[in-house]
Amino acid sequence: MSRDKNLPLDQILVGDCIDLMNRLPERSVDLVFADPPYNLQLGGDLLRPNNSRVDGVDDAWDRFDDFASYDKFTREWLSAARRILKDDGALWVIGSYHNIFRVGSILQDLGYWMLNDVIWRKTNPMPNFRGRRFTNAHETLIWCARSKEQKRYTFNYEAMKALNEDQQMRSDWLLPLCTGSERLKDSAGKKVHPTQKPEALLYRVLLASTNPGEVVLDPFFGSGTTGAVARALGRRYIGLERDLAYAEAAQNRIAAVKPMTEADIVALRAKRTEPRVPFGTLVERGLLKPGEVLFDERRRWSARIRADGTLIAPLGRDLEGGRDGDGSQDGGVVGSIHSVGAAVQGAQACNGWTFWHVTRDGMSLPIDIFRQQIRAELAGE
């Protein structure tokens, strides 16, 4: 996978995110994840019923003069992000009811193409202390492609399904706020950053929409959650942050992250994207040989490989010790690994790749291992 030599990979750049993005090469990053200022418009201190002050977001970076100035800022950073996204790239942006609808409208105006909105439902939201509104228990993420015209974007569907106990991942995610040891604190025990996002949220985003080795840019890097998760998952990151103290805290945090092994970070690929490998290819390549006997995992049924890549199996008999050991078709069945697997079981269908096994060095192995070996070669892995 080629990478532009001018990209500041695995670095945090300190400065204005719009200016920094405009200096990067065009169409050079795979994904942008953005957690921009929410423009919370707080009119004063937020107090609990006992008049103690809530530690909310009142930093200067979250304050704008009016909606027009916030919209102008949003349009400029989204335009800069779209310029550096590759043609098959995508963007995630997170926000609250204060800003996400304005951001969504500008996204569409600029030519982004929305793929999903995702609701992050918090298991431990801050209560509404005054009791005059519903508890604000969620935030919204928008996932969009760079443009409507792009033909491809990354979505690791099978990995998301596996992460969700083999059920299709929904667009409402139940995850806790960042608390405990994950929350960065300074020497006085105060939060380093008021809106630090949980690593579980970024883990799901990056696992879903990037592949190992790809580049993720975060223009509002803050405490560095995107970089920490990217490093753990074998992705490359570029962080942009205008506050030097945040950047230094993020750098120290990321340096302590131990990357996962290559074998552990490879996401399951969608079946429709895998190159097709006929069973006969395994025979042609000598990985399986004509005359070799295949059997199911419990060795109830067996079948013999033929030179043309079909199987022959006597129904109700064992090729390794039965009466049709000469390969006769009398009373048997001939066909593909799938049709023969279904026939011997009396089933309507069968996945022959996982049903049939072969012996190698005294071990029983599913024949799909050899198909995956060829796929890896085709992918140049």
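See above for the structure.
Calculation notes
- Every chain's residues receive numbers from 1 upward, in the order its sequence appears when written.
- With pLDDT at 70 or above as the cut-off, local features in this predicted model cover only qualifying residues; side-chain atom pairs require 80 or more to be listed or tallied, and sums for whole chains, interfaces and linings still use all residues.
- As a convention, hydrogens and water are excluded, and side-chain values are obtained from all of the structure's heavy atoms.
- In this description, a nonpolar core means a group of buried Ala, Val, Leu, Ile, Met, Phe, Trp, Tyr and Cys residues linked to one another through side-chain atoms lying within 4.5 Å.
- Relative accessible area decides the class of each residue, using a 1.4 Å probe on protein chains only: under 20% of the type maximum gives buried, over 50% gives exposed, and in between gives partly exposed.
- Think of it this way: any DSSP run of H or I at least four residues long counts as a helix, any run of E at least two long counts as a strand, and we number them from the N terminus.
- By definition, residues are in contact when any of their heavy atoms lie within 4.5 Å.
- For two strands to count as paired, DSSP must find a minimum of two bridges between them.
- Axis angles are defined between N-to-C directions and span 0 to 180 degrees, where every axis is a line fitted to C-alpha atoms and, for a helix, only to the segment in contact.

1. What about the nonpolar core?
Formed by 35 residues in total, the largest nonpolar core has its most connected members in Trp92, Leu141, Trp173, Leu201 and Leu206. Here this core takes 6 residues from helix α5 (residues 199-209), the largest share from any one element. Setting aside residues no more than four positions away along its own chain, tryptophan 173 makes contact with Trp92, Val118, Ile119, Trp120, Arg121, Leu201, Arg204 and Val205. Core analysis: the second largest hydrophobic core is formed by 33 residues, Leu20, Tyr70, Ala81 and Tyr112 among them.

2. Points about the pairing of strand β3 (residues 85-95)
When you tally the buried positions in β3, you get 9 out of 11 residues, the bulk of the element. Direction of pairing for strand β2 (residues 29-34) relative to β3: parallel, over a ladder of 5 bridges. By the bridge assignment for β3, valine 29 is matched with leucine 85. The pairing of β3 with strand β5 (residues 138-145) spans 6 bridges and is antiparallel. Bridge pairing links leucine 91 to cysteine 144 in β5.

3. A closer look at the side chain of serine 28
With respect to the helices and strands, the residue serine 28 is situated in the loop between α1 (17-23) and β2. Leaving out residues up to four positions away in the same chain, serine 28 has contacts with Leu7, Ile84, Leu85 and Lys86.

4. Focus: the sheet that holds β5
Within the open sheet, the 8 strands sit side by side as β1-β8-β7-β2-β3-β5-β4-β6. Their pairing is mixed. Looking at the sheet topology across the chains shown, the edges are occupied by β1 (11-14) and β6 (172-175). Pairs of neighbouring strands in the sheet enclose a mean axial angle of 20°, with direction left out of account. Judged from the 8 bridges that link them, strand β4 (residues 113-122) and β5 form a sheet pairing that is antiparallel. Bridging from a neighbouring strand, asparagine 116 pairs with tryptophan 143 of β5. Sheet strands touched by helix α3 (residues 100-109): β3, β4 and β5. Its angle to β3, the strand with the most contacts, is close to 165°.

Geometry only, nothing functional implied.
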